[in-house]
Amino acid sequence: MGENKTMETAGCRDYGQIAEENFLKGYNCTQAVVLAFSDVHGMEEKAAARISSSFGGGMGRLREVCGAVSGMFLVAGMLYGYEEAKDYQGKKEHYERIQQLAKAYEAKNGSIVCRELLGLEQKKDAPAPQQRTEEYYKKRPCPKLVRMAADIMAEYIREHPLE
């Protein structure tokens, strides 16, 4: 994936809107973000949907790290991640990047934890996801959270072009 395509694409597409639309189609929060960037990361969409499917609902509805945040992290790894086991500098830089993305999201929402963002008391939730109804969308901030995560990731890509 070359710098020109990434910068050109990141500058003209509304990734936040695409992520929100993906969520409203029924994809989980992580999938919504990862699939929004399919044109940039280049992974085939079915594979991207599958690899990100476990992270929705704060890691399989465990209500831990928000799935939208996990989506940002997955995209960051696809685009900027390190490959070599002994690449200490690459690992250090990537973890700094991940913490920067988390900090940006937390600054806007007060947390990166699913249950805190949803105002839930219990730590874990039943594994069966709720049906996506009009009522579901009225009481959940998730569509706006995936939009925000994708916007943060798109801004990061624009500010840090790939080499």
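Above this text is the structure in question.
Note that the coordinates shown come from a computational prediction; the quantities given were computed from them, not determined experimentally. (Residues numbered from 1 in each chain as written. Predicted model: local features only at pLDDT ≥ 70, side-chain atom pairs only at ≥ 80, totals over all residues. Heavy atoms only, no water.)

Asks: A description of the overall build of the protein chain should follow, citing residues and the corresponding values.
Replies: Secondary structure summary: the protein chain contains 11 helices and zero strands in total. When its helices and strands are written in sequence order, the protein chain yields α-α-α-α-α-α-α-α-α-α-α. In terms of overall size, the protein chain behaves like a compact globule, its C-alpha atoms giving a radius of gyration of 15 Å where 163 residues would be expected to give roughly 15 Å. With the principal axes as the frame, the protein chain shows a C-alpha extent of 45 × 30 × 30 Å. Among the 163 residues that make up the protein chain, the fraction classed as buried is 44%. (Helix = DSSP H or I, 4+ residues; strand = E, 2+ residues; numbered from the N terminus. Rg over C-alpha atoms; globule rule 2.2 N^0.38 Å. Buried < 20%, exposed > 50% of the residue type's maximum accessible area, 1.4 Å probe, protein only.)

Asks: Requested: an account of helix α7 (residues 67-80), with residues and values cited.
Replies: Residues that lie three or four places apart on an α-helix share one face, since the helix turns once every 3.6 residues. Over its 14 residues, α7 extends 19 Å from the first C-alpha to the last, a length consistent with the 20 Å expected when each residue adds 1.5 Å. Across the 14 residues of α7, 10 count as buried, placing the element largely inside the fold. Residues of α7 that are buried make contact with α3 (29-36), α4 (38-41), α6 (56-59), α8 (88-109) and α11 (142-159). (Expected span 1.5 Å × (residues − 1). Contact = heavy atoms within 4.5 Å.)

Asks: So, a negative patch on the surface: which residues are in play, and what are the values?
Replies: Together, D14, E21, D151, E155 and E159 make up a negatively charged patch on the protein surface. Of the residues forming the negative patch, the biggest block, three residues, is contributed by α11. One can find E21 in helix α2 (residues 15-25). Residue classification places E21 among the partly exposed residues on the basis of a relative accessible area of 37%. (Patch = residues over 30% accessible without salt bridge, like charges linked within 9 Å, V, L, I, M, F, W, Y side chains within 5 Å. Areas by Shrake-Rupley, 256 points an atom, 1.4 Å probe, with all protein chains shown as cover. Salt bridge = Lys/Arg side-chain N within 4 Å of Asp/Glu carboxyl O. Lys, Arg positive; Asp, Glu negative; His and termini not counted. Charge placed at Lys NZ, Arg CZ, Asp CG, Glu CD.)

Asks: Any details on the nonpolar core? Residues and values, ideally.
Replies: By size, the foremost hydrophobic cluster in this structure holds 42 residues, and its most contacted members are F37, M72, L101, Y105, V146 and M153. Of all the secondary structure elements, the ones that give two or more residues to this core are α2, α3, α5 (45-51), α7, α8, α9 (114-118) and α11. Broken down by element, this core gets its largest block of residues, 10 residues, from α11. Excluding residues that lie within four positions of it along the chain, V146 makes contacts with A19, E20, F23, C29, A32, V33 and A68. (Core = buried A, V, L, I, M, F, W, Y, C linked by side-chain atoms within 4.5 Å.)

Asks: An account of the pattern of salt bridges is requested, with residue identities and associated values reported.
Replies: Under the counting rule described, the total for this entry stands at five salt bridges. Ionic pairing is found between E64 and R115, a salt bridge with its closest N-O pair at 3.5 Å. Here E64 is found in the loop between α6 and α7, whereas its partner R115 is found in helix α9, with 51 residues between them in sequence. A residue is classified by how much of its surface remains accessible, and E64, at 27% relative accessible area, is partly exposed. Among the ionic contacts, a cluster of salt bridges with common partners joins E20, K144 and R147.

Asks: Please provide a residue-by-residue account of the packing of aromatic side chains, values included.
Replies: Tallied over the entire structure, the rule returns three aromatic pairs. Arranged with centres 4.4 Å apart and planes meeting at 5°, the rings of Y15 and F37 form a pair that is stacked. On the criterion of sequence distance, the pair formed by Y15 in helix α2 and F37 in the loop between α3 and α4 is long-range, its members being 22 residues apart. You'll find Y15 and F37 in the same group, each marked buried. Centre to centre, the rings of Y82 and Y95 are 6.5 Å apart; their planes meet at 75°, and the pair counts as edge-to-face. Taken as a pair, Y82 in the loop between α7 and α8 and Y95 in helix α8 lie far apart in primary sequence, 13 residues in all. The exposure class assigned to Y95 is partly exposed, which follows from its relative accessible area of 44%. In this structure, R132 is placed above the aromatic ring of F23, and the distance from its NZ or CZ to the ring centre is 4.0 Å. (Phe/Tyr/Trp six-rings, centres within 6.5 Å; stacked < 30°, edge-to-face > 60°. Lys NZ or Arg CZ within 6 Å of the ring centre and 35° of its normal.)

Worth remembering: the numbers are spatial, not functional.
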